[in-house]
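# Structural features, examined
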Amino acid sequence: MCHDQNRFHPILSAQISPPESCPVATGPALSGNDHPPPTARLLCPKRERPMKIVKLESFTTPAVSFVRVTSDTGAEGWGQMSTYNADITAQVFHRQVAPHALGTDALDFEDTIRRIYEKEHKFPGSYLRRAQTGLDTALWDLRGKLEGKPVATLLGGSPGKVRAYASSMKRDITPADEARRFQHLRDTFGFTAFKWRVGAECGRDNDEWPGRTEEVIPVVSKALGDGIDKLVDGNSCYSPARAIEVGRMLEDNGIGHFEEPCPYWHPDQTAEVRAALALDVAGGEQDCEFSSWELMFDRRAVDIAQPDIMYMGGMHRTLEVCRMAAAHGLPVTPHAANLGLVTICTMHLLRAIPNAGKYLEFSIEGPDYYPWQEGLFLGQPYAITDGHATVTDAPGWGVEINPGWLDKAQYQVSAMA
Ligand SMILES: [Mg+2]
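Now for a quick tour of the structure. (Residues numbered from 1 in each chain as written. Predicted model: local features only at pLDDT ≥ 70, side-chain atom pairs only at ≥ 80, totals over all residues.)

## Considerations on the overall build of the protein
Put simply, the rule reads: Segments assigned H or I by DSSP are reported as helices when at least four residues long, segments assigned E as strands when at least two residues long, and all are numbered from the N terminus. Three exposure classes are used, all based on how many other C-beta atoms lie within 10 Å of a residue's own C-beta (placed from the backbone): buried at 20 or more, exposed at 12 or fewer, and partly exposed between those limits. By definition, residues are in contact whenever their C-beta atoms, placed on the basis of the backbone, come within 7 Å of each other.
For the protein, the count of helices and strands is 13 helices and 14 strands. A burial count over the protein gives 50% of its 417 residues as buried. Contacts spanning at least 24 positions in sequence make up 73% of the contacts within the protein whose residues lie at least 6 apart.

See below:
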């Protein structure tokens with residue numbers, strides 16, 4: 001059940017030194033113990049005067065909203081708020097995030113992110129975090145472009161390959177069809193790890209249809225064969241008793257990762273499942289408050305932590321969860337369930353943190369499932385070769401948002417007078 005360092009991704013587990021030009025902050029980890037933080041807190045380079053944020057623009061559809069930040073020197077960066085109901089999130093951004101950010105330092109912004117939380121302390125929860133992510137990710141991009149470095153390097157890591165697991169989002173797919181498309185992806189793109197779905201989403205122990213779970217576990221596992229890492233996701237479906245029953249079935253079929261077996265808002269239930277099973281229990285994708293993470297870690301609910309950078313409120317807050325996980329000896333395999341900016345950000349994170357999990361979540365769904373993903377970026381930032389995605393040495397996030405997509409999006413701006 002317990003992870004040791006040897007199980008971390010071999011490429012990503014090396015101790016990483018910060019660039020010489022950047023001093024390292026020495027503040028205590030939020031989790032309040034004496035374990036050394038896994039990721040150096042990098043301060044921005046010394047400057048004669050702060051570079052102020054003067055404009056924050058959003059480009060929005062109901063599914064996704066991109067953010068452009070502009071400084072008083074004209075420097076720009078691009079980020080993204082979390083997906084879904086992004087039009088509502090964009091309203092939160094301009095009402096409750098932008099007013100606290102305008103006029104603050106565009107390069108040294110970790111405390112700005114904290115101050116937004118404090119200023120808006122009567123609004124805990126998801127929407128403010130989703131909106132904050134637009135600011136955080138745009139500012140990381142701006143700094144990367146100014147310094148000519150990818151965000152992974154700013155975080156103390158480096159560009160390079162990241163092993164990906166092919167992640168199915170579908171439950172309305174037969175076991176035979178799921179097995180066929182996995183085999184195709186394995187043979188075409190070289191994926192060496194796959195995740196599929198069991199039970200029904202928040203299903204109260206029900207299945208998508210009777211008998212699907214008992215069928216899809218062995219059918220897909222056997223079709224993939226040996227030498228492949230196999231993961232499943234319960235999406236908060238099960239009571240502890242049923243989750244343990246399903247978990248034994250998973251273990252008998254060579255599956256090593258059981259994600260979100262029980263309703264995520266009951267960490268004690270997840271902890272009960274983890275204690276009963278030998279495979280890895282994973283979770284945390286919905287959790288955006290540090291108090292939830294502390295509870296989850298204290299109860300030993302999971303073997304693998306899965307923060308979603310976009311749900312968490314951006315990179316700074318996600319790094320804090322990574323430090324907390326490291327303090328508990330746990331790896332981080334973030335949630336990244338679509339090919340908006342979240343998976344790019346996750347690639348950079350995994351190239352930088354010492355407790356990176358074994359792989360990147362990589363959605364395999366196309367336009368039938370995620371029509372809104374089409375045409376977001378120029379080029380192919382999500383090319384997969386031999387089962388790996390690649391963080392290039394391009395500065396910032398290393399992606400260019402499609403101007404044609406931006407032209408069609410709803411535009412809003414907050415600016416200094
Ligand atoms: Mg999941």
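## Some points on the packing of helix α1 (residues 86-101) against helix α2 (residues 110-119)
Worth spelling out the cut-off: To obtain an axis, a line is fitted to C-alpha atoms, over the contacting stretch when the element is a helix, and the angle between two such axes runs from 0 to 180 degrees between their N-to-C directions. We call two directions roughly parallel when the angle between them is under 35 degrees, roughly antiparallel when it is over 145, roughly perpendicular when it lies between 65 and 115, and oblique otherwise. The hand of a helix crossing depends on one turn: near helix anticlockwise from the far one by less than a right angle means left-handed, and clockwise means right-handed. Only Asp, Glu, Lys and Arg are considered charged in this grouping, and only Ala, Val, Leu, Ile, Met, Phe, Trp, Tyr, Cys and Pro are considered nonpolar; every other residue, Gly among them, is considered polar.
The N-to-C vectors of α1 and α2 enclose an angle of 130 degrees; their axes lie 10 Å apart at closest approach. With respect to each other, α1 and α2 are oriented oblique. Crossing of α1 over α2 shows right-handed handedness. Contacts from Val97, His100 and Ala101 in α1 reach Thr112, Arg115, Ile116 and Lys119 in α2. A per-class count over the contact of α1 with α2 returns three nonpolar, two polar and two charged.

## A few points about the sheet that holds strand β14 (residues 410-415)
So the rule is basically this: Only strands that DSSP links by at least two bridges are regarded as paired with each other.
Spatial ordering of the open sheet is given by β5-β4-β3-β14, a layout of four strands whose pairing is antiparallel. Sheet topology places β5 (76-80) and β14 at the edges, where each strand pairs with a single neighbour. Neighbour-to-neighbour, the strand axes of this sheet turn through a mean angle of 20 degrees, independent of strand direction. Contacts from α1 reach β3 (53-60), β4 (65-71) and β14 within the one sheet, and its direction differs from that of β3 by about 175 degrees. Contacting β3, β4 and β5, helix α3 (residues 126-147) runs over the sheet at an angle of about 145 degrees to β5.

## Here we look at the nonpolar core
Nonpolar side chains tend to gather and get buried jointly when the protein is soluble and globular. Note the cut-off: For this entry, the nonpolar core is defined as buried Ala, Val, Leu, Ile, Met, Phe, Trp, Tyr and Cys residues connected by C-beta atoms within 7 Å.
Counting residues in hydrophobic clusters, the biggest one holds 106 residues, and the most contacted among them are Ala164, Tyr165, Phe194 and Leu360. The residues touching Tyr165, leaving out its near neighbours within four places in the chain, are Phe191, Ala193, Phe194, Lys195, Asp229, Leu231, Tyr359, Glu361 and Phe362.

## Things to note about the environment of Gln286
Mapped onto the fold, Gln286 is located in the loop between β10 (280-283) and α9 (290-298). Those residues within four positions of Gln286 in sequence are excluded, and the remaining contacts are Tyr264 and Tyr311.

## Remarks on helix α6 (residues 212-224)
What counts is decided by this rule: Multiplying one less than the number of residues by 1.5 Å gives the expected span of a helix. Within this analysis, the arc is defined by the directions that extend from the helix axis to the C-beta atoms.
Compared with an ideal rise of 1.5 Å per residue, which puts 13 residues at 18 Å, α6 spans 18 Å between its outermost C-alpha atoms and is within 8% of the ideal. Along α6, the positions that sit buried rather than exposed are Thr213, Val216, Ile217, Val220, Ser221 and Leu224. Viewed end-on, α6 has its buried residues packed into an arc of 110 degrees, placing them on one side of the element. Against α5 (175-189), β7 (193-197), β8 (229-233) and α7 (240-252) lie the buried residues of α6. Within two residues after α6, Gly225 carries a phi angle of roughly 80 degrees, on the positive side.

## Here's the deal with the pairing of strand β6 (residues 160-167)
Residues in a regular strand point their side chains to alternate faces of the sheet. β6 sits mainly inside the fold: six of its eight residues count as buried. The pairing of β6 with strand β13 (residues 388-391) spans four bridges and is classified as antiparallel. In the sheet register, Lys161 faces β13, and the bridge partner there is Thr390. Two strands pair when backbone bridges link them, and β6 and strand β12 (residues 360-363) are joined in this way by four bridges, in the parallel orientation. Along β12, the bridge assignment pairs Ala164 with Leu360. Relative to β7, β6 runs parallel, the two sharing two bridges. Opposite Ser167, over in β7, you have Lys195 as the bridge partner.

## A closer look at the packing of α7 against helix α8 (residues 267-276)
One can describe the packing of α7 onto α8 by two numbers: an axis separation of 9 Å at closest approach and a directional angle of 35 degrees. Between α7 and α8 lies a crossing of right-handed hand. Only Gln269, Glu272, Val273 and Ala276 of α8 make contact with α7, whose side of the interface consists of Pro240, Ala243, Ile244 and Gly247. A breakdown of the residues in the contact of α7 with α8 according to their chemical character gives five nonpolar, two polar and one charged.

## Side note on unusual backbone geometry
Phi is positive for Arg204, which is not a glycine, with a value near 50 degrees. Among the secondary structure elements, Arg204 is positioned in the loop between β7 and α6. Assessed through the 12 C-beta atoms surrounding it within 10 Å, Arg204 is described here as exposed. Despite not being glycine, Asn235 shows a phi value in the positive range, around 45 degrees. Position of Asn235 among the secondary structure elements: in the loop between β8 and α7.

## Notes on the pairing of β7
Under the convention used in this document: The crossover handedness rule: strands pointing away from the viewer, path from first strand over the helix to second strand clockwise, crossover right-handed.
Here β7 lies mainly inside the structure; five of its five residues are buried. A two-sided burial pattern is seen for β7, the buried positions comprising Ala193, Lys195 and Arg197 on one face and Phe194 and Trp196 on the other. Alignment of β7 against β8, held across five bridges, turns out to be parallel. Opposite Phe194, over in β8, you have Lys230 as the bridge partner. This β-α-β element, β7 to α6 to β8, shows right-handed connectivity.

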